[in-house]
Amino acid sequence: MKKSRFSEEQITYALRQADSGTPVADICRQLGVSEASFYHWRKKYGGLGISGLREAPAARRERTPEAPRRRPHARQAHPGRSAAKKSLRPARRRMLASWIFEQFHTSVLRACRLAQFSRAAYYRRSTRRDCSALQVRICDIAHARPRFGYRRITTMLRREGWHVNFKRVHRLYQLHGLQIRMRVRRRKHMCLHRGVVPRATRPIERWSMDFVHDQLFDGRPIRLLTVVDQFSRLSPLVEPRFSFRGDDVVASLKQITGPGRVPLSITVDHGPEFISLALEEWAWQNHVKLDFIHPGKPTENGYIESFNGRLRDECLNVTQFVSLEDARAKIRSWRIDYNERRPHSSLGNLTPSEFACRRHNTEAAELTRVQ
């Protein structure tokens, strides 16, 4: 006869929980059994304590004919007679205990009990050596050589004199999100970053650029080149045309750039206008880096996606354009209103112009104080 994977104490404890008012579904979910198994226990062992359960005759423990098979309960953690869910690792349990301690202001003892974590392990401090210098060097190699994986990075570190194991490099490599897709279906331009996308720290440092499609009153399609500053959310350009080539994009950028108004990088996708030789030549001449997003990752250019949504929702969907000149006039009016009068929630309900002006005044005051 197959032996049950639950001890007599566990079965008795489950039956007593049900008698005290705990829902049967919660008990079954905690033990990882079906409700049919629980009612089979109640029919077989109901009314017996632990001693009576151990002294029950063998005839009483004979397996009764099984009930018709049922599907697992919808709220059940896993089907009956299957493997239990994988337990959390100690690091995750420590994080869970710390979260309970900080959020609910409980004692460390109670937080550890709720997280099912040892209090001694909670107070234990890691004796692992500091890997900050190694992390910085791994990130430097990964950014300098975008197609290198962790094994080749390990080889380069060893050639530089680092005594490291490839498993340690792999752990730090994954921790910073430096994994790359090894299979490249077609040629793509490499992005400037791997892992977390860096954020702009001042105006005119990082721009985002994209296209928006719309049509005139008579049905002719138009395209709008949109540019937005990632720090101040200021839009220096929204240019509508019937079509865009690489030269047209360069001509539009020349209208808004000049001495002291050239960004360090522009985030774009892999559109044919952005990978053209004309735009690459203009970027090289003006010392601008074209930061291409990863294929299929439009969220990496979220600033321009958000701006395009506001443009379509507040201007394109509520305005009819009779001609291209009419579209340019109305879109220019909306862009001025967006920059100077429309409050932006992510800027503390300031307009992009007010936010940029406040930043400029703060930098000027700090410079005066230092001098």
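Residues numbered from 1 in each chain as written. Predicted model: local features only at pLDDT ≥ 70, side-chain atom pairs only at ≥ 80, totals over all residues. Heavy atoms only, no water.

Topic: unusual backbone geometry
Then step 1. Positive phi is not limited to glycine here, since His105 has a value of about 55 degrees.
Then step 2. The topology assignment puts His105 in the loop between α5 (90–104) and α6 (108–114).
Then step 3. The class for His105 is exposed, based on a relative accessible area of 70%. (Helix = DSSP H or I, 4+ residues; strand = E, 2+ residues; numbered from the N terminus. Buried < 20%, exposed > 50% of the residue type's maximum accessible area, 1.4 Å probe, protein only.)

Overview of the pattern of salt bridges
Then step 1. Summed over the entire model, instances satisfying the criterion amount to eleven salt bridges.
Then step 2. A salt bridge links Glu160 to Arg137, with the shortest nitrogen-to-oxygen separation between them at 2.6 Å. Residue Glu160 is located in the loop between α9 (150–159) and α10 (166–175), and its partner Arg137 is located in helix α8 (residues 132–144); the two are separated by 23 residues in the primary sequence.
Then step 3. Given a relative accessible area of 37%, Glu160 falls into the partly exposed group.
Then step 4. Using a relative accessible area of 29% as the deciding quantity, one classes Arg137 as partly exposed.
Then step 5. Across the salt bridge formed by Arg223 and Glu273, the nearest N and O atoms sit 2.8 Å from each other. Taken together, the residues span a long stretch of sequence, with Arg223 in strand β2 (residues 221–229) and Glu273 in the loop between β4 (265–268) and α12 (277–285) at a distance of 50 residues. For the pair Arg223 and Glu273, one class covers both residues: buried. (Salt bridge = Lys/Arg side-chain N within 4 Å of Asp/Glu carboxyl O.)

A look at the nonpolar core
One broad rule of soluble globular proteins: the nonpolar side chains tend to lie buried together.
Then step 1. Residues Met209, Val249, Phe274 and Leu279 are the most contacted members of the largest nonpolar core, which totals 20 residues.
Then step 2. At four residues, helix α11 (residues 246–256) tops the list of elements feeding residues into this core.
Then step 3. Beyond its immediate sequence surroundings of up to four residues, Phe274 is in contact with Met209, Asp210, Phe211, Leu225, Val249, Val268, Asp269, Leu279, Leu290 and Phe292.
Then step 4. Of all hydrophobic cores here, the second largest spans 17 residues; its members include Ile222, Phe307, Phe321 and Ala327. (Core = buried A, V, L, I, M, F, W, Y, C linked by side-chain atoms within 4.5 Å. Contact = heavy atoms within 4.5 Å.)

Description of the confidence of the model for the protein chain
Then step 1. Averaged over every residue, the pLDDT of the protein chain is 81; the share at 70 or more is 82%.
Then step 2. Low confidence marks residues 57–62, where pLDDT is under 50. Its contacts with residues over four positions away, or in another chain, come to eleven contacts. (pLDDT = per-residue confidence, 0-100.)

Observations concerning a nonpolar patch on the surface
Then step 1. Taken together, the side chains of Leu88, Leu96, Trp99 and Phe104 define a hydrophobic patch exposed on the protein surface, amounting to about 400 Å² of accessible area.
Then step 2. Along the chain, the position of Leu96 falls in helix α5. (Patch = residues over 30% accessible without salt bridge, like charges linked within 9 Å, V, L, I, M, F, W, Y side chains within 5 Å. Areas by Shrake-Rupley, 256 points an atom, 1.4 Å probe, with all protein chains shown as cover.)

Points about α5
Then step 1. With 15 residues, α5 ought to run about 21 Å at 1.5 Å a step, and its terminal C-alpha atoms sit 21 Å apart, in line with that.
Then step 2. Regarding α5, the residues found buried are Arg93, Ala97 and Ile100. Down the axis of α5, the buried side of the element spans an arc of 60 degrees, and every buried residue falls inside it. Away from the buried face of α5 by more than 90 degrees, exposed residues Arg92, Met95 and Glu102 are located.
Then step 3. Those residues of α5 that are buried are in contact with α6 and α7 (119–123).
Then step 4. Looking at the residues trailing α5, positive phi occurs at His105, about 55 degrees. (Expected span 1.5 Å × (residues − 1). Arc of directions from axis to C-beta.)

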